[in-house]
Amino acid sequence: MSKRFPPISPKVPHMLHGADYNPEQWLSYPDILKEDLRLIKLAGCNVMSVGIFSWVALEPEEGVFTFEWMDKLLDSFAENGIYAFLATPSGARPAWMSAQYPEVLRVGANRIRNLHGFRHNHCYSSPVYREKTAIMNSKLAERYAHHPAVIGWHISNEFGGDCHCGNCQEAFREWLREKYGTLDKLNHAWWATFWSHTYTSWEQIESPAPHGETQVHGMNLDWKRFVTDKTVDFCKHEIAPLRAINPDLPVTANMMDLFEGLDYRKFADVLDVISWDAYPTWHDAEDDSKLAAWFSFNHDMFRSLKGRPFMLMESTPSLTNWQAVSKLKRPGMHRLSSLQAVAHGSDTVQYFQWRKSRGSSEKFHGAVVDHSGHEHTRVFRDVAELGETLGQLTDVVGTGVASEVAILFDWDNRWAVKDAQGPRNMGIKYEETVMQHYRAFWQLGVPVDVIGSSGDFSAYKLIVAPMLYMVSEDTGERIEHYVQDGGSFVATYWSGIVDENDLCHLGGFPGPLRKTLGIWAEETEGLYDHDVNGLKMQADNALGLKGEYEIGELCELIHSEGAETIGVYRDDFYAGRPALTMNRLGRGNAYHLAGRVMEDSFYDAFYAGIVKEAGIRKAVETMLPPGVTAQVRTDGENDYVFVMNFSGKEQSITLDGRDYTDMESGQTLETVLSLPVSGVRILKR
Ligand code: GLA
Ligand code: ZN
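Because the structure is predicted, anything quoted here is derived from the model rather than measured. (Residues numbered from 1 in each chain as written. Chains lettered and ligands numbered in written order. Predicted model: local features only at pLDDT ≥ 70, side-chain atom pairs only at ≥ 80, totals over all residues. Heavy atoms only, no water.)

A.B. asks: Is there a simple way to explain the overall build of the chain in this structure?
C.D. replies: Along its length, the chain carries 16 helices and 26 strands. Taken against the 2.2 N^0.38 rule, which gives 26 Å for 685 residues, the C-alpha radius of gyration of the chain at 26 Å falls within 12% of a compact globule. With the C-alpha coordinates aligned to their principal axes, the bounding extent of the chain is approximately 75 × 75 × 45 Å. When the 685 residues of the chain are sorted by exposure, 61% land in the buried category. The contacts of the chain with a sequence gap of at least 6 include a subset with a gap of at least 24, amounting to 74%. Split by element, the accessible area of the chain, about 26700 Å² in all, is 52% carbon and sulfur. Within the chain, the 93 negative side-chain charges are centred at a point lying 3 Å from the centre of the 66 positive side-chain charges. (Helix = DSSP H or I, 4+ residues; strand = E, 2+ residues; numbered from the N terminus. Rg over C-alpha atoms; globule rule 2.2 N^0.38 Å. Buried < 20%, exposed > 50% of the residue type's maximum accessible area, 1.4 Å probe, protein only. Contact = heavy atoms within 4.5 Å. Areas by Shrake-Rupley, 256 points an atom, 1.4 Å probe, with all protein chains shown as cover. Lys, Arg positive; Asp, Glu negative; His and termini not counted. Charge placed at Lys NZ, Arg CZ, Asp CG, Glu CD.)

A.B. asks: Teacher, can you tell me more about the sheet that holds strand β3 (residues 83-87) here?
C.D. replies: Backbone hydrogen bonds are what pair the strands of a sheet, in a parallel or an antiparallel way. The strand order β5-β4-β3-β2-β1-β9-β8-β7-β6 describes an open sheet built from nine strands, whose pairing is parallel. Two strands bound the open sheet, and with one partner strand each, they are β5 (251-252) and β6 (254-256). Relative to strand β2 (residues 47-50), strand β1 (residues 16-21) runs parallel, the two being bridged by four bridges. Looking at the pairing, Gly18 lines up with Val47 of β2. (Pairing = 2+ DSSP bridges.)

A.B. asks: Mind showing me how you'd approach the site of ligand 1 here?
C.D. replies: Every residue near ligand 1 is listed here: Phe53, Arg119, Asn157, Glu158, Asn254, Asp277, Tyr279, Glu314, Trp322, Phe352, Glu362 and His365. Note that an oxygen atom of ligand 1 is positioned 2.9 Å from one of the side-chain N or O atoms of Arg119. With the chains in place, 96% of the 310 Å² that ligand 1 exposes on its own is no longer accessible. The residue makeup of the shell around ligand 1, split by class, is four nonpolar, three polar and five charged. (Near = heavy atom within 4 Å. Polar contact = N/O pair within 3.5 Å; in protein donor to acceptor, adjacent residues only side chain to side chain. Nonpolar A, V, L, I, M, F, W, Y, C, P; charged D, E, K, R; others polar.)

A.B. asks: What's the story with a positive patch on the surface in this structure? I'm lost.
C.D. replies: On the surface, Lys327, Arg330, Arg378 and Arg381 cluster together to form a positively charged patch. One can find Arg378 in helix α11 (residues 378-391). (Patch = residues over 30% accessible without salt bridge, like charges linked within 9 Å, V, L, I, M, F, W, Y side chains within 5 Å. Salt bridge = Lys/Arg side-chain N within 4 Å of Asp/Glu carboxyl O.)

A.B. asks: It is not clear to me how the packing of helix α5 (residues 127-144) against helix α8 (residues 217-245) should be interpreted in this structure. Could you clarify?
C.D. replies: Between two packed helices, what matters for the description is the angle formed by their axes and the separation of those axes. Where α5 meets α8, the axes come as close as 8 Å, and the angle between the chain directions of the two elements is 30°. The orientation of α5 with respect to α8, classified from their angle, is roughly parallel. In this structure, α5 meets α8 at a crossing whose hand is right-handed. Contacts from Tyr129, Arg130, Thr133, Ala134, Asn137, Ser138, Ala141 and Glu142 of α5 reach α8 at Lys230, Asp233, Phe234, His237, Glu238, Pro241, Leu242 and Ile245. Residue classes in the contact of α5 with α8 are distributed as seven nonpolar, four polar and five charged. (Axes fitted to C-alpha atoms, helices over the stretch in contact; angles between N-to-C directions. Parallel < 35°, antiparallel > 145°, perpendicular 65-115°, else oblique. Left-handed = near helix turned anticlockwise from the far one by under 90°.)

A.B. asks: Would you explain the confidence of the model for the chain in this entry?
C.D. replies: Parts of the model with low pLDDT should not have their predicted coordinates read in detail. Confidence along the chain averages 97 in pLDDT terms, with 100% of residues attaining 70 or more. Here strand β25 (residues 672-675) stands out as the least confident element of the chain, with mean pLDDT 95; strand β12 (residues 462-465) is the most confident, with 99. (pLDDT = per-residue confidence, 0-100.)

A.B. asks: How do you make sense of the pairing of strand β13 (residues 488-492) when you look at a structure like this?
C.D. replies: Side chains on a regular strand alternate between the two faces of the sheet. Of all five residues that make up β13, five are buried, and the element is covered over most of its length. Judged by which residues are buried, β13 turns out to be covered on both faces: Ser488, Val490 and Thr492 on one side and Phe489 and Ala491 on the other are all buried. Bridge analysis of β12 against β13 gives four bridges, and the strand direction is parallel. Bridge assignment links Val464 to a residue of β13, and that residue is Val490.

A.B. asks: Is there a simple way to explain the coordination of the zinc ion (ligand 2) in this structure?
C.D. replies: Ideal geometry at a metal centre: 109.5 degrees between donors when four sit tetrahedrally, and 90 or 180 degrees when six sit octahedrally. At 2.3 to 2.4 Å from the zinc ion (ligand 2) lie its protein donor atoms, namely Cys123 (SG), Cys163 (SG), Cys165 (SG) and Cys168 (SG). The site at the zinc ion (ligand 2) holds four donor atoms, and with the angles between them running 102 to 115°, its shape is tetrahedral. Coordination of the zinc ion (ligand 2) draws on donor residues from a single chain, spaced C-x39-C-x1-C-x2-C in sequence. For the pair Cys165 and Cys168, a shared accessibility class is recorded, and that class is buried. (Donors = N, O, S within 2.8 Å, 3.2 Å for Na, K, Ca; no water. Tetrahedral: all angles 85-135°; square planar, octahedral: opposite > 155°, others 65-115°.)

A.B. asks: Looking at this structure, I do not really get helix α10 (residues 333-343). What am I missing?
C.D. replies: Counting buried positions along α10 gives 10 out of 11 residues, so the element sits mostly inside the fold. Taken together, the buried positions of α10 are Met333, His334, Leu336, Ser337, Ser338, Leu339, Gln340, Ala341, Val342 and Ala343.

A.B. asks: Can you walk me through the side chain of His122 in this structure?
C.D. replies: Within the element layout of this structure, His122 appears in the loop between α4 (95-100) and α5. Polar side-chain contacts of His122 include one of 2.8 Å to the backbone oxygen of Ser90. Polar contacts involving the side chain of His122 include one to the side chain of Tyr129, which spans 3.5 Å. For His122, the residues in contact, after removing those within four places along its chain, are Ser90, Gly91, Ala92, Arg93, Val104, Arg106 and Tyr129.

A.B. asks: Any chance you could explain a negative patch on the surface here in plain terms?
C.D. replies: Judged by side-chain charge, Glu473, Asp474, Glu477 and Glu500 come together as a negatively charged surface patch. Within the secondary structure, Glu500 is located in the loop between β13 and α15 (514-517). Exposure remark for Glu500: the relative accessible area of 40% places this residue in the partly exposed category.

A.B. asks: Honestly, the sheet that holds strand β22 (residues 639-645) in this entry has me stumped. Any pointers?
C.D. replies: Taking strand neighbours across the sheet as the criterion, the four strands line up as β21-β22-β26-β24 in an open arrangement whose pairing is antiparallel. In the strand order of this sheet, the two ends are held by β21 (628-634) and β24 (661-662), each with one partner. When β24 meets strand β26 (residues 680-684), the two strands line up antiparallel, connected through two bridges. Paired with Thr661 across the bridge in β26 is Lys684. Docked against the sheet, α10 engages β21, β22 and β26, running at close to 145° with respect to β22.

Here it is, written out as structure tokens:
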């Protein structure tokens, strides 16, 4: 039976294609506004994000509202078959508000209040700022929540940052009181007797500051958790007046690639659809596959937040103006980069921005319409051609990704492992480690979800948890049951070290993973960049792995407590001791990698072995050449396979004997599929 998610809006059951559009920049250029309507249609665009940062154009003076330009814009969209995501304007605020109510301005960790300027510079606790956004959002909802052109809400813009003002300090203390109840509990969780950091009254607690407290890891962690909760709370505050008027309009908030400041997973229940802004710096290397894998991981992570199709809310149609070097997309890359998002579950391709600004900070940022003002450009043609392709992908809308592999990625683990003063302060490389493991699945063409510790494990045949430094007893138990029940699990060095409060597990590492992994980790050391050890595979090991690989940066001396040794250390006083193990537990297997293997080829071989052993599906059952990947979306009846070439060379792959049709040409495919440089083929199976 066919299984799909409903389209983002029932009004447009097609792929959405469009851009951020701020016509208030052009209100005194009426010809341009008229021309935009023609060009939007010519580019095959059907949706624009409007109203982002438009506050002063909507409320030029306190309590004076000027919605007429927005009325006209949305009416003209409706007449022309163009839809809109309507933004709340809170990403930037009018100067009159900062002048009248300085409390809306953010205070830095140094306790200095910012001046007016920039954007994203507000205090989420400020009662005035909350009141002003509530008034604005109510008015927008009253006026537009049932407008025929409006298909959803875009909340603010790229939430991020923290504020250390008096209101926020009070809110932090309140949050801590609620979490711990008593100061004794807080002091224990923060291990506050060390260095006499014990608090004897709630009022003594201040957020981390460069000239104050930075050394209490538990506090740093709680501050980050608090900042997420505060931001989520502000987001909910923005949404409430919108839902009150039309609960059926979907709500999204655009996010940034693997942004560290907010635990995005906490937004999943608050938003109806996840959206994010992707700005890859293509063509920095001969082969774009490393970068492609990074963006692929992000797409998978954002899809996994809600386990359903997401939106590529922003991307550049050509170059950016804020990266170190602003390179143009080589022919084919616009199509490849955009369809990469679709391959991983996006039902939209959207850009920043529609028309290049004439002045100010983003006047050289790529846009669909350049300063030349017409459609006869390479970028415009790329966009229009993509519009045609997206028009052929209506069948893909609402399809999901059925992954049998998950990467375990928690924000609080990420925060804690990077904050800890430990074996390798010159670079613990958490995200890089996650990517070392993820990239192997990308190269194998195995679909992956990115989940958190509290996610549902039962859907997966394999869960990989690189450097799961922070793991609670509860998570440890859930992982143990998952393996007992037949799951495969992979852990690495520097795992199971601390609990959810960043307190070390007593009684032996890897703490609550010890039984599952069947090992005890006695010591962990950091190595200098020039130090090397090696991993030597044992003859006839369980995965049939062969050869030797280089180990560097982090090594653990482990003892087997029942696990089989797959590979041993090669050098130093480590020689002959286990470095890669497998523990059989119940019906499942748990693997432990004790040292950081440096070469990609190890991860390729290791995961190819586990994928085979655990009977995990690939998008196409074939060998993909390096730099080529395949991803698959499905409705349970038909599969939509995207074969993508990031290798920088022409390539071909051999299909696996199933029936394939090229979705663009409608042709039935032969066994060999050829791919030009930056080529992508979309197949229906
Ligand atoms: C972000 C913002 C946009 C714009 C782009 C430029 O994603 O949301 O407003 O500044 O970056 O790349
Ligand atoms: Zn504040």
